[in-house]
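Examination of the molecular architecture
Listed below are the residues making up each chain.
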Amino acid sequence: MATRKSISCRCAAVSVGFAASSSSPPAPSSTSNSMSGGDKFDVPDVSDDTTLPALPMLPSMRTASPRLASSRLAFSLDFLAACFMRNVARHFTRCSGVPHSSWCLQRLQPPPGWKGHSKGVTSVAVFPSGDRVVSGSLDRTLKLWNASTGECLATWKGHSNDVSSVAVFPSGDRVVSGSTDKTLKLWDAWDRSRGNCLATWKGHSDNVVSVAVFPSGDRVVSGSWDNTLKLWDARDRSTGNCLATWKGHSTYVNSVAVFPSGDRVVSGSDDETLKLWDASTGNCLATWKVHLNGVNSVAVFPSGDRVVSGSEDKTLMLWDVSTDECLATWKGHSNDVSSVAVFPSGDRVVSGSHDKTLKLWGAASQT
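Residues numbered from 1 in each chain as written. Predicted model: local features only at pLDDT ≥ 70, side-chain atom pairs only at ≥ 80, totals over all residues. Heavy atoms only, no water.

1. Remarks on the pattern of salt bridges
For the record, the criterion: Each salt bridge in this description consists of a side-chain nitrogen of Lys or Arg and a carboxyl oxygen of Asp or Glu lying within 4 Å of one another. Each residue is assigned to one of three classes by its accessible area relative to the maximum for its type, calculated with a 1.4 Å probe on protein chains only: buried under 20%, partly exposed between the two thresholds, exposed over 50%.
Taken as a whole, this structure holds 8 salt bridges when the rule is applied. Between D173 and R174 there is a salt bridge; the shortest N-O distance is 3.7 Å. A salt bridge links R306 to D305; its shortest N-O distance comes to 3.8 Å. Taking relative accessible area as the criterion, R306 reaches 9% and is therefore assigned buried.

2. Thoughts on the environment of V298
As a reminder, the rule being used: Every helix listed is a DSSP run of H or I at least four residues long, and every strand listed is a run of E at least two residues long, numbered separately from the N terminus. Here a residue-residue contact requires only that any non-hydrogen atoms of the pair lie within 4.5 Å.
Secondary-structure assignment places V298 in strand 22 (residues 295-300). Measuring from C-alpha to C-alpha, the distance between V298 and V340 comes to 6.4 Å, with 42 residues separating the pair along the chain. Among residues more than four places away in sequence, those in contact with V298 are S255, V256, A257, V266, S267, G268, L274, V308, S309 and V340.

3. Observations concerning the UniProt feature "repeat: WD" (unreviewed entry) in the protein chain
Put simply, the rule reads: UniProt positions are given in the numbering used here, feature names are shortened, and annotations may be inferred rather than shown by experiment.
The sites that carry the UniProt feature "repeat: WD" (unreviewed entry) are, in the present numbering, residues 114-155, 156-188, 201-233, 246-287, 288-329 and 330-367. Regarding residues 156-188, the helix share stands at 0% and the strand share at 61%, and the terminal C-alpha atoms are separated by 10 Å. Across residues 201-233, the secondary structure splits into 0% helix and 61% strand, with the terminal C-alpha atoms separated by 10 Å.

4. Some thoughts on unusual backbone geometry
The bulk of non-glycine residues show a negative phi, and the bulk of peptide bonds are trans. In this structure, R140 takes a positive phi of about 75 degrees despite not being glycine. With respect to the secondary-structure elements, R140 resides in the loop between strand 7 (132-137) and strand 8 (141-146). On the basis of relative accessible area, R140 is assigned to the partly exposed category, the value being 42%. Residues other than glycine seldom take positive phi values, yet N227 does so here, at roughly 75 degrees.

5. Some remarks on the sheet that holds strand 12 (residues 183-188)
The condition is simple: Pairing between strands is defined by DSSP: at least two bridges between the two strands are required. In this analysis, axes come from line fits to C-alpha atoms, helices being fitted only over the stretch in contact, and the angle between any two N-to-C directions falls in the range 0 to 180 degrees.
Spatial strand order, 10-11-12-13: 4 strands in an open sheet with antiparallel pairing. If you trace the sheet from one side to the other, it starts and ends with strand 10 (163-168) and strand 13 (197-202), each paired once. Mean inter-strand twist for the sheet, computed between neighbouring axes without regard to direction, equals 20 degrees. As judged from the 5 bridges shared by strand 12 and strand 13, these two strands associate in the antiparallel manner. Each residue of the ladder has a partner; that of T183, found in strand 13, is K202.

6. Regarding the pairing of strand 20 (residues 274-278)
Of all 5 residues making up strand 20, 4 are buried, and the element is well covered by its neighbours. Examined bridge by bridge, strand 19 (residues 264-269) and strand 20 share 5 bridges and lie antiparallel to one another. Directly across from G268, in strand 20, lies its bridge partner L274. Hairpin connection from strand 19 to strand 20: 4 residues lie between these consecutive antiparallel strands, with E272 at a positive phi of about 75 degrees. As paired strands, strand 20 and strand 21 (residues 284-288) are joined by 4 bridges and run antiparallel to one another. Considered in strand 21, the bridge of L276 is made with A286. What sits between strand 20 and strand 21 in their antiparallel hairpin is a turn of 5 residues, with G282 showing a positive phi close to 80 degrees.

Structure follows, in structure tokens:
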């Protein structure tokens, strides 16, 4: 059994005894708070886009008297409130987890949305150029968006049921989608008038819920509720030749992700496991089972040495690919973790949950 380390993400409070640095308290400003014992600390102004300042270094709560501890807690809350009021336009606030381990991010005030779909949006993907976004929806359509203005550039129709997953090719010229109509569709990303469907790939016997494109752009992998993964030849635009079917999961495959090297694929399933696959042979290289419920989402780090998973057990888990070890378990969500993604820098992970929050986790120290 893999070793588990529980990393708690405490989003309701900030430890008063912890500060990001040991420097002296911030310089005085217009707002201040007095503490028992005559200690006075000033709340710094953090207007505009300046970084959130560290809490002043204070003695440990465990060594303080009840009255002093209460005063310190009141001060920390006042401090955070002042910081929040001056930074509300930034949409997010940070709350501490274990020092130097993980941080979580909660959305407070969302920016204006891009409207156009008539039903729920199930999947989004960003183009390599960063200028466009594609979305898939329960309304059976894909929409192409201008990432700067939010303008809907095109609506692509063709699926006969919900669009469950979308992915963009590295070249930015094509998009692939998976649907509960059991098919994948390949789209011309430059055809903004009607969205030319280049091919429809059939082979799965149940909902296609996850698709991913290889870095080379020559193959696509899909995950389905028929318990299988399928590998597709993306160079064949007419029929989308199915190169292989990988079997091993005992129930629904919910998520697939390709390694940056293109030599391996990882999948997450309702059978509570992740599986690592050899992309050339289709052999299952490893099965990771520590989650206590279905795995909804998987993502690979840019370095290719780690994988992160999100589960219906409300946790994220960090995996070492070389040792098959679970490096950490991140707790903080109060409902299913539905989606995870890794930042290009590899030092952070973002998660989305049915508890209506996003959380940002620090992954740099987890080795």
